Amino acid sequence: QVHLVESGGGLVQAGGSLRLSCAASRIIFVIGTMDWYRQAPGKQRELVATITRDGSTNYVDSVRGRFTISRDNAKNMMYLQMNSLKPEDTAVYSCAAEVLGGLVNKGRYWGQGTQVTVSS
């Protein structure tokens, strides 16, 4: 079973915006820290942004001020608002969640990723 599903990726011109969503399964009841990662061809997977259950956020320097991570615990959703996109933001973006309770085992869960392509 897939427990995290990303959506919202696509093709956008430099300077444009995209909003990514990460939906967690309804059988996941409690989620701790959630993260957005990205991986471009030939590069290591990079942690882009993280958000704790209480809303504390952190960002990699390259996206700080341009990206905003948020979550809605009641809806089991996480978002990444990406503004002022640059070609170097092109990557597969994946969400990850620290599952603390539900009808699944505790642990770290990953989505399958959504492609973001920034052209210019």
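Each remark here, short or long, concerns the structure printed above.
Residues numbered from 1 in each chain as written. Predicted model: local features only at pLDDT ≥ 70, side-chain atom pairs only at ≥ 80, totals over all residues. Heavy atoms only, no water.

Some thoughts on the packing of aromatic side chains
Quick note on the threshold: In this scheme Phe, Tyr and Trp rings, the latter by its six-membered ring, pair at centre separations within 6.5 Å, and the angle between planes marks the pair as stacked below 30 degrees, edge-to-face above 60, and tilted otherwise. The helix count covers DSSP runs of H or I at least four residues long, the strand count covers runs of E at least two residues long, and both are numbered beginning at the N terminus. Only protein chains enter the area calculation, which uses a 1.4 Å probe; residues under 20% of their type maximum are buried, those over 50% are exposed, and those in between are partly exposed. Think of it as a cone above the ring: NZ of Lys or CZ of Arg counts as a charge over the ring if it is within 6 Å of the ring centre and within 35 degrees of the ring normal.
By the definition in use, this model includes one aromatic pair. A ring pair is formed by Tyr-37 and Trp-110, whose centres lie 4.7 Å apart and whose planes are at 45 degrees; its orientation type is tilted. Of the two residues, Tyr-37 is situated in strand β4 (residues 28-39) and Trp-110 in strand β10 (residues 107-110); the sequence distance between them amounts to 73 residues. Using a relative accessible area of 15% as the deciding quantity, one classes Tyr-37 as buried. Looking at Trp-110, the relative accessible area reads 36%, which means it is partly exposed. Here Arg-19 stacks its cationic end above the ring of Tyr-79, 4.0 Å away from the centre of that ring.

Re the state of the cysteines
Quick reminder of the rule: Here, a disulfide means two cysteine sulfur atoms that sit within 2.5 Å of each other.
In this structure the tally under the stated criterion is one disulfide. Here Cys-22 is linked by a disulfide to Cys-95, with a sulfur-sulfur distance of 2.1 Å. Disulfide Cys-22 to Cys-95: torsion about the S-S bond roughly 60 degrees, handedness right-handed. Here Cys-22 is found in strand β3 (residues 18-24), whereas its partner Cys-95 is found in strand β9 (residues 91-102), with 73 residues between them in sequence.

Focus on the environment of Asn-83
Test applied: Contacts are assigned to residue pairs with any non-hydrogen atoms lying within 4.5 Å of each other.
Counting through the fold element by element, Asn-83 comes out in the loop between β8 (77-82) and β9. Look at Asn-83 and you get partly exposed, because its relative accessible area is 29%. For the pair formed by Asn-83 and Ser-17, sequence separation is 66 residues and the distance between their alpha carbons is 4.4 Å. If we ignore the near neighbours within four places in the chain, the residues touching Asn-83 are Gly-16, Ser-17, Arg-66 and Phe-67.

Quick word on the environment of Ala-91
Assignment of secondary structure puts Ala-91 in strand β9. Owing to a relative accessible area of 4%, Ala-91 belongs among the buried residues under this scheme. Distance from Ala-91 to Gly-15, taken between C-alpha atoms, is 16 Å for residues 76 residues apart in sequence. The residues touching Ala-91, leaving out its near neighbours within four places in the chain, are Arg-38, Gln-39, Ala-40, Thr-114, Gln-115 and Val-116.

Points about the pattern of salt bridges
The line we're drawing: When a carboxyl oxygen of Asp or Glu lies within 4 Å of a side-chain nitrogen of Lys or Arg, that pair is called a salt bridge.
In the structure shown here, the tally under the stated rule is five salt bridges. The salt bridge involving Asp-61 is made with Arg-64; its shortest N-O contact spans 2.3 Å. Since its relative accessible area comes to 62%, Asp-61 is described here as exposed. Note that Arg-66 is salt-bridged to Asp-89, the shortest N-O span being 2.8 Å. Of the two residues, Arg-66 is situated in the loop between β6 (57-59) and β7 (67-72) and Asp-89 in the loop between β8 and β9; the sequence distance between them amounts to 23 residues.

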